[in-house]
Amino acid sequence: MNQRHLYSTFPNSWFGVASSEDLLPRGVIPLHYFGKDFVLFRDEEGIPHILDAHCPHLGAHLGYGGRIEGETIRCPYHGWLWNVDGQCVKVPYASKLPSKVQIQSWPVREVNGLILMYYHAQGEPPHWEIPDLPESIWETWTPLRLVHRWKVRTNILHYLENSVDLAHLSNVHTQTFKAAKTDGVEMNGSIFINRMSQKYNLSSLAAGMFMSDPDGSVTTTYYGPGYDVSFYSIQTKMNLNLGLLTIFTGTPIDEEYLDIHIFFSVKKVLPQPFMQVLIAMARQDVARTFEQDIPILEHKVSLSHPLIYEGDGPLQQCWRWVSQFYSEQPALTNATVQQ
Ligand code: FES
Ligand SMILES: [Fe+2]
């Protein structure tokens, strides 16, 4: 039977929930992800935290009017104070604290300009981390910038599958790719690495600038299903080695929608005025390429018997790898491989 989504639950992994710049000092932001409500806040030390949204007293949402006091958040309704672990530390009009009541707190990290939360269906702690990009990179690359943020009616599995799907590149992203081939994948626990070689099209960013069809390669490292880092290396006929770095994050909002952030940076290979042009073009190219996938993602289904052909890319490896992140294991897709 075909179904819109292969899994009906959410994977256990790190997920991007906000840009660092959106969470001001002592800022409070309501969040809705994984079909639940949360409150994200930055304490007076500048450290971000996430709690379940609703105050156990009478159910007010802490994200709408909650105030930061030191390392606590004050409920907007009756002013109870909750610490970052979700324990009540003060009831302003009573001397007794509620016992055995706690708001669930969630693991949070701030990495590469993004606030990440670890979601686990059973509330288990993370056993792996998403690394910072090496400091040294910022000497030779432009600062990471948000390309855009999209709300897409899709599921994380379709989104992941699309990013390792080779055959769609020269069909959907015709303006950018002429051809692509796989250079292999590596799987190591929560990490999946996909390497590809690509031939870019004349109308694409790099080719447009240098009037040639450049060759390129890309290595994408997935840290769990919700966060990936890609390094593109594009060799132009003028012997200029262009570099593009993208970070994609996809976070389930609920069973229907995914919140997608894309960040990018380019290698500083040209004098300043040209770099501004290169940055603008890279941003446009990355956004356009992703937007071409949206109508496909919003309407595709998961087939119970997909036909996998040689040249499709490492779809099956990707499905196998991603299954480790789910608490509930459905029957894996029964793909028929055609050579
Ligand atoms: S609802 Fe939060 S203090 Fe009353
Ligand atoms: Fe795509």
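Worth saying up front: this structure is predicted, and the values here are computed from it rather than measured.

1. A short note on the sheet that holds strand 3 (residues 36–42)
Here comes step 1: The strand order 2-3-4-9 describes an open sheet built from four strands, whose pairing is antiparallel. Unpaired on one side and paired on the other, strand 2 (28–33) and strand 9 (105–106) mark the two borders of the sheet.
Here comes step 2: Across five bridges, strand 3 lies against strand 4 (residues 48–52) in antiparallel orientation. Paired with Phe38 across the bridge in strand 4 is Asp52.

2. Digging into the sheet that holds strand 17 (residues 241–252)
Here comes step 1: Strands sit in the order 12-18-17-16-15-14-13 across an open sheet of seven strands; the sheet is antiparallel. At either margin of the open sheet sits one strand with a lone partner, and together these are strand 12 (145–152) and strand 13 (177–188). Averaged over all neighbouring strand pairs, the angle between strand axes comes to 15°, with direction disregarded.
Here comes step 2: Sheet topology places strand 14 (residues 191–200) next to strand 15 (residues 215–223); nine bridges connect them, and they run antiparallel. Note that in strand 15 the partner of Asn194 across the bridge is Thr220.
Here comes step 3: Along the sheet, helix 5 (residues 272–299) contacts strand 12, strand 17 and strand 18 (258–266); its crossing angle with strand 18, the most-contacted strand, is approximately 155°.

Conventions adopted
Residues numbered from 1 in each chain as written. Chains lettered and ligands numbered in written order. Predicted model: local features only at pLDDT ≥ 70, side-chain atom pairs only at ≥ 80, totals over all residues. Pairing = 2+ DSSP bridges. Helix = DSSP H or I, 4+ residues; strand = E, 2+ residues; numbered from the N terminus. Axes fitted to C-alpha atoms, helices over the stretch in contact; angles between N-to-C directions. Contact = placed C-beta atoms within 7 Å.

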